[in-house]
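Chains, contacts and geometry: an overview
In case you want the letters, here they are:
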Amino acid sequence: MLTNARFEARIPTQDLARARRWYSEKLGLEPVEERAGGLRYESATGVFCLFASAGAADGSFTQMGFYVDDIEAAVTGLRARGVVFEEYDGTVNGIMDIEGNYPSKGRGERAAWFRDSEGNMLGLAEVVRWNEP
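What counts as what
Residues numbered from 1 in each chain as written. Predicted model: local features only at pLDDT ≥ 70, side-chain atom pairs only at ≥ 80, totals over all residues. Heavy atoms only, no water. Salt bridge = Lys/Arg side-chain N within 4 Å of Asp/Glu carboxyl O. Buried < 20%, exposed > 50% of the residue type's maximum accessible area, 1.4 Å probe, protein only. Phe/Tyr/Trp six-rings, centres within 6.5 Å; stacked < 30°, edge-to-face > 60°. Helix = DSSP H or I, 4+ residues; strand = E, 2+ residues; numbered from the N terminus.

Quick look at the pattern of salt bridges now. All told, the structure shown has twelve salt bridges when counted by the stated rule. For R79, the salt bridge is made with E87, and the minimal N-O distance between the two is 3.9 Å. What makes R79 partly exposed here is its relative accessible area of 31%. We classify E87 as partly exposed; its relative accessible area is 49%. We note a salt bridge from R107 to E99, for which the minimum N-O separation is 3.8 Å.

In structure tokens form, the structure reads like this:
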């Protein structure tokens, strides 16, 4: 039924103006469209929307992820903009090596997590390909 549908993420915000500034200043992202209570962002292959919400994210799980080609460069660049990365057992400089993946994507991932201004957990990931060490 939904095999031809497009997927989009929805991210709640307590303060939409604060979130807009954070996504602009920290991630360098600008909305492509806005409406009362919502902002729409597009990238090369995905869409997400920030929306005003009375509810708060608990930040206990990744709500949205960004795939990058070079996670070390992305982490360094985002840290320079003031993004604070989570530290967990197994992270080195905020980055964790994760064995296993969906086989069509590769053999693993390198990942890092951070929270936006609203407490939403966001992730970065770099796919480890089959032929990489």
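There is more to say after this.
With that settled, consider the packing of aromatic side chains. Taken as a whole and judged by the stated rule, the model has eight aromatic pairs. Ring centres of Y23 and Y41 lie 6.0 Å apart, and the angle between their planes is 40°; on these two criteria the pair is classed as tilted. Note that Y23 is positioned in helix α1 (residues 16-27) and Y41 in strand β3 (residues 38-42), a separation of 18 residues in sequence. Each member of the pair, Y23 together with Y41, is buried. Consider the rings of Y88 and W113, whose centres lie 5.7 Å apart with planes at 80°: the pair is edge-to-face. Taken together, the residues span a long stretch of sequence, with Y88 in the loop between α2 (71-80) and β6 (91-92) and W113 in strand β8 (residues 108-115) at a distance of 25 residues. Residue classification places W113 among the buried positions, given a relative accessible area of 15%. Within the aromatic cluster, the residues linked to one another by ring pairs are W22, Y23, Y41, F48, F66, F85 and F114.

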